[in-house]
Structure formats: structure tokens, C-alpha cells
Amino acid sequence: MQAFEYANPATIQEAVALLGSRWGEADVLAGGTDQISLMKEYLHTPQRVVNIKNIKELGGIHRAGGNLRIGATVTLDELMENAEVRRAFPSLHQAAEGVSSPQIRNMGTVGGDLCQRPRCWYYRNGCGLLAMKDGRSLVPDGENKYHAIFGNSGPAYFVSASSLGPALVALGAKVKLVSASGSREVAVEKFFVTPQNEQSREIALLPNELLTEILVPLAPTHNATYEVRQKEALDWPLAAASVALKMKGSTVASARVVLGHVAPTPWPAAQADQALAGKAITAETAEEAAKAAVAGATPLSQNGYKVQLARVAVKRALLQAARGRA
Amino acid sequence: MSRRGFIRGVGIGGGALGTGLLEKEALAAPPAGGKTEGPGPVPITLNINGKPYNLNLEPRVTLLDALRNHLDLTGAKKVCDRATCGACTVIVSGKVVYSCTVLAIDAQGKEIQTIEGISTGNRLHPVSAAFVNHDAQQCGYCTPGFVMAAKGFLDRNPNPTLEQAEHGLCGNLCRCGTYVGMRKAVLEASREMKGGRHA
């Protein structure tokens, strides 16, 4: 790890004053579960590290207006154990539970889950975010079994690593981003972006901004997350689906189905949403929606199997949501 | 001379060379902004197993490296060093964490518990004793991390089922595959600990 100077601000205002105007000047350190590994691999070599764990305003989960406000440094364990989250947002509880290592859940934060870098092994082994060599990505003709099956027309082929992203997109959540000159709220759906060149990032956060909180609308929905995994112990899912259903009696008034770990961003499946409108959730309608969700998949040479996994994830998430409470 | 002392004596030339190289990396001026410490060594106080330890460390030094390389507390093991295998597990403020992925400077002011601190005199902690009884190790390299993970799990879940014990240890790997013995050990330890023998 390259040496860095360390800052330990006590307020958001102090923290944002310490950030740089370009990537690489200052990195934010919360739970560190990704950040410290990135620094050990020299993938991130910040001159300054800004610890935000001692900023009280960034913690806590509470109701604010019509939202549940989740502080950026709330740990995955705190999120999972929170009574309001368990009641209103089983999809978030299940996504946090899917990060199966107690150590990671005790350390890792909600903000960090959204800001973690992709797990693409080309990126992690120093080939760059887009794995470009001689003007072409190494991924399409390379080892791509864990890469994208949607949104993969290039130049990005990695999958978003976020566990909470799909659930937050389905629930219509926003993130608050604060800089020294002001703040803005961004829909989580717009927070994740597909980078078009090696210099850009996979999230809309700017180098001088701090993600301070997540706002999840408390509108009643049936929601669930289902992850398909290779093993129960610590690993990222192979494919996942989060769903949020607004019900009218026993039928779906509107649905949001979002796939995870299949594209460079959480991947909204609008065709599944349309397939569900006005219908009751049954094994048949869930299967139809699941088929619609993966209809446009464009798998690479080694990851065709992920299409089936994503389909199963959608079906099971829908059935789970229908069984759960509003 | 201890085995560790010998290994350290042999390795010291290489270590010094490595440090010199890293220090030579030119650092551009960081952005303006506020109070900062480092990148050189700064005074750090760690509270480990109830005792304060004063150190002078660069902010980049992890808690695991502080324990092993600066305090000779070598129970926590360095295996993956990337928050994956669990061999470095310690308990900080009552919660299990990977010490390879916590900066020592961030662990100040917190109660740090390591494998060295859980026995009482010559009496093993019930979790360690149960690991012995169930032959819950083979090469033994993952064992201190597993014992700490199991202790942290039982502190929060004093009466687990076998399935809960399995999930509770999901953050640790054993490449010898002694998982079955470890799960049985966790259940035995839960019975022992409720008996108050080690309250």
C-alpha cells in the first residue's frame, strides 16, 4: 500500500473540505472492506485518506418525511438488524444478509456497498476498468464467465458489484451527494452509470463529493431480493433480482423488477414490469415475467448460464415478495 | 531465541530494503483542506486485551500488521490479507472483524480482543477447548481466526442451531476442510458457556 496522509474529520463539512478535485488525490475510507484491498493492490493510490467513520451525522436509520433515511456509514449488520428495514424493506434485509460474512457485515457500510469498485478480474489484476489492450477490450474473447449479459455492447463488460443497488433502484431510492459547494439528490438508478472511457467511473459521484445518506420512500410495497450464488459462504452472487410491487387488492398495480450482477449497473427489467401490471402473482405470471426480464440478454462466450440464473432469480424474488408483507 | 525471533533476524535485510523503496515513491502535493496526520509514523495507542500499547506507525499500517510485526501478538494470521479468508479475525468493540482490513490508526479508542486474550491463566476458553475436543483443526493455520469468529458469534447468539453455527462462521475458510468438527465445537462451547464455567 502506498503511504498516505490520514484525516479524521468529525463533520461532513470538514470531510468535504478534505476531498480533492480529481480522482487519486483523496479517497474516502468507511468500512474499508474494498478500499483497503484496492490500496494494497495499488489500484487506488490516494495521497490522502479521509476516514468518515467518526462523523456522527453519517450514522443512524430513521424516518424523515415519507422516507427511511439510512446514513452512509450504517453497517450492513446494522441495516440487516434494523426493525424498520425488516418490516418495510425485506429486499434490503435479504440483500445485506446475502453478504454472508459476519466480519464484512460488521465492517462494510451501506455507502461503501454502493461505491465499491467492480470485481472484474481484469480490473482487479491491473488491466484497467475497461480491460483495454490495443484499443480493444480483453473481455469478449477472454475469460468472461462472470461478466455482463446485459448492457455489454462495450466498452464496459464488468458487472456492478453492489448488493443493495438493485433493491434500492426497485424501491425508487435516492442518494444524497454533498460537496463543499452544495448538495444534490440523485436517484439510485441514475447513480450507477456505464463508463464510456478508462478515466470515468461506474458511479455518478464526483471526486469532491461525499455520499452522505440514502433515502428510501416508505410507500408500501411487497418487496424481495433473491440471489443465486455458487456457495453460501462469502462471495458475490452470480445473478440476483430485486422486486418491489405496489399492489391493488390481490393484483399488481405497478412493478419494478431490477436484476443484479448481470450488467455494469443494476439492470431494470421494464418488460417484466409491464408483464406483471394488472395481474396476480402466481407461479405462472412470475415465470412469464421472468422470461420477459431476460428476453433481451446478450451473453458472452462463457456466460450463457447466467441467463437462466437471472430468470430463476426473478421468478423466486416475485414469489417471495408475494408471500411477504406489504 | 524463539523461532519467530530467528525468522525476523533473517528477514530484516529484505524488510528494510522494501521500506526504503516505498518511501522513495514521489508523492505529489495532496489537496488543501484540514488537519491530517502522516504519511510518516504517528503516535498510536491501541487497547488490546485490556492493556494499552503505545506505537509509532504510519497511517497505512493495518491492525493485523501492528499486532504481528510490532507487538509480537502473532495469533491472528496473515493469509489472504484481502478480507476474504478470516484467519486474521479479531474482536473490536464486541464485533468480529478482519484485522487485515482495519487500519491500526482507526482501531484506537476501541477494545481489541485477540486470541491471546481469551484464555484465563492456563485454562483454555470454552471455544478453544471445544475445538480440541472435536479435532476441529488439521494444519491449524485458520484456527485462531475461527476460534475468534466462533467466540464473537456465540457472544451474540448464545444458543445456536447447527445451521446457525454454519452461517455464523461463513466469514472464515479452512482449506483442510474441518468444518464439521468446528460446527460441533461451536455447539459444545455454547453449552459450556451457558453453564457459566467461563462467565
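Note: the structure precedes this text.
Residues numbered from 1 in each chain as written. Chains lettered and ligands numbered in written order. Predicted model: local features only at pLDDT ≥ 70, side-chain atom pairs only at ≥ 80, totals over all residues. Heavy atoms only, no water.

Asker: Tell me about empty space enclosed by the protein, and please be specific about residues and values.
Answerer: With the rule as written, the count across this model stands at three cavities of 30 Å³ or more. Estimated volume of the largest cavity: approximately 60 Å³. (1 Å grid on protein atoms, 1.4 Å probe; cavity = no way out; pocket = protein on both sides within 12 Å on 5 of 7 lines; lining within 4 Å. Points joined across faces, edges and corners; volume = space filled by probe spheres on them.)

Asker: Let's hear about the sheet that holds strand β5 (residues 111-113) of chain B: which residues, and what values?
Answerer: Residue and element names in this part refer to chain B. Judged by pairing direction, the sheet is mixed, and its five strands sit side by side in the order β2-β1-β5-β3-β4 without closing on themselves. The sheet is open, and its two edges are formed by β2 (51-57) and β4 (95-98), each paired on a single side. The sheet shows a mean angle of 40° between the axes of neighbouring strands, taken without regard to direction. Taken together, the two bridges between strand β1 (residues 42-48) and β5 define a ladder with parallel strand orientation. Bridge pairing in β5 places Asn47 opposite Glu111. Against the sheet, helix α2 (residues 63-70) touches β1, β2, β3 (89-92) and β5, its axis set at about 100° to β2. (Pairing = 2+ DSSP bridges. Helix = DSSP H or I, 4+ residues; strand = E, 2+ residues; numbered from the N terminus. Axes fitted to C-alpha atoms, helices over the stretch in contact; angles between N-to-C directions. Contact = heavy atoms within 4.5 Å.)

Asker: Report on the interface of chain B and chain A, specifying residues and quantitative values.
Answerer: Contact with chain B, which involves 41 residues of that partner, is made by 38 residues of chain A. For the chain B and chain A pair, buried surface summed over both sides reaches about 3300 Å², with 55% attributable to carbon and sulfur atoms. Contact with chain A buries area across many residues of chain B, yet Pro31, Arg60 and Arg82 of chain B alone supply 18% of it, more than any other trio. Applying the counting criterion to the chain B and chain A interface returns five salt bridges. A salt bridge links Asp77 of chain A to Arg156 of chain B; the nearest nitrogen and oxygen atoms lie 3.2 Å apart. At the boundary of chain B with chain A, the tally comes to 14 residue pairs in polar contact (both at pLDDT 80 or more). Sorting the residues of the side of chain B that touches chain A by element identifies β4, α4 (143-156) and α5 (162-168) of chain B as the ones contributing at least two each. (Buried area = accessible area lost by both parts, 1.4 Å probe. Salt bridge = Lys/Arg side-chain N within 4 Å of Asp/Glu carboxyl O. Polar contact = N/O pair within 3.5 Å; in protein donor to acceptor, adjacent residues only side chain to side chain.)

Asker: Explain the packing of helix α3 (residues 126-133) of chain B against α4 of chain B residue by residue, including any values.
Answerer: Residues and elements named next belong to chain B. Where α3 contacts α4, the two axes come as close as 9 Å, and the packing angle between them is 125°. The orientation of α3 with respect to α4, classified from their angle, is oblique. Note that α3 runs across α4; the crossing there is right-handed. Of the residues in α4, those touching α3 at Val127, Ser128 and Phe131 are Thr143, Phe146, Val147, Ala150, Lys151 and Leu154. Residues belonging to the contact of α3 with α4 are distributed by class as follows: six nonpolar, two polar and one charged. (Parallel < 35°, antiparallel > 145°, perpendicular 65-115°, else oblique. Left-handed = near helix turned anticlockwise from the far one by under 90°. Nonpolar A, V, L, I, M, F, W, Y, C, P; charged D, E, K, R; others polar.)

Asker: Would you mind going over the sheet that holds strand β13 (residues 251-260) of chain A in detail, with residue names and values included?
Answerer: Residue and element names in this part refer to chain A. Strands sit in the order β11-β12-β13-β14 across an open sheet of four strands; the sheet is antiparallel. Lying at the two open borders of the sheet, with one neighbouring strand each, are β11 (222-228) and β14 (267-268). One ladder, built from seven bridges, connects β11 with strand β12 (residues 239-248); its direction is antiparallel. Across the sheet, Asn223 pairs through a bridge with Ala244, a residue of β12. Across the sheet, helix α13 (residues 305-323) lies against β11, β12 and β13, angled at about 150° from β11, the strand it touches most.

Asker: So, the pairing of β3 of chain B: which residues are in play, and what are the values?
Answerer: All names here are of chain B. What you see with β3 is no split at all: Thr89 and Ile91 on one side and Val90 and Val92 on the other are buried throughout. The pairing of β3 with β4 spans four bridges and is antiparallel. Counted as the bridge partner of Val90 is Val97 from β4. Linking β3 to β4, which pair antiparallel, is a turn of two residues; within it Ser93 sits at a positive phi near 50°. (Buried < 20%, exposed > 50% of the residue type's maximum accessible area, 1.4 Å probe, protein only.)

Asker: Lay out the side chain of Thr285 of chain A with the relevant residues and their values.
Answerer: You can see Thr285 of chain A is positioned in helix α12 (residues 283-294). Setting aside residues no more than four positions away along its own chain, Thr285 of chain A makes contact with Leu276, Lys279 and Ala280 of chain A.

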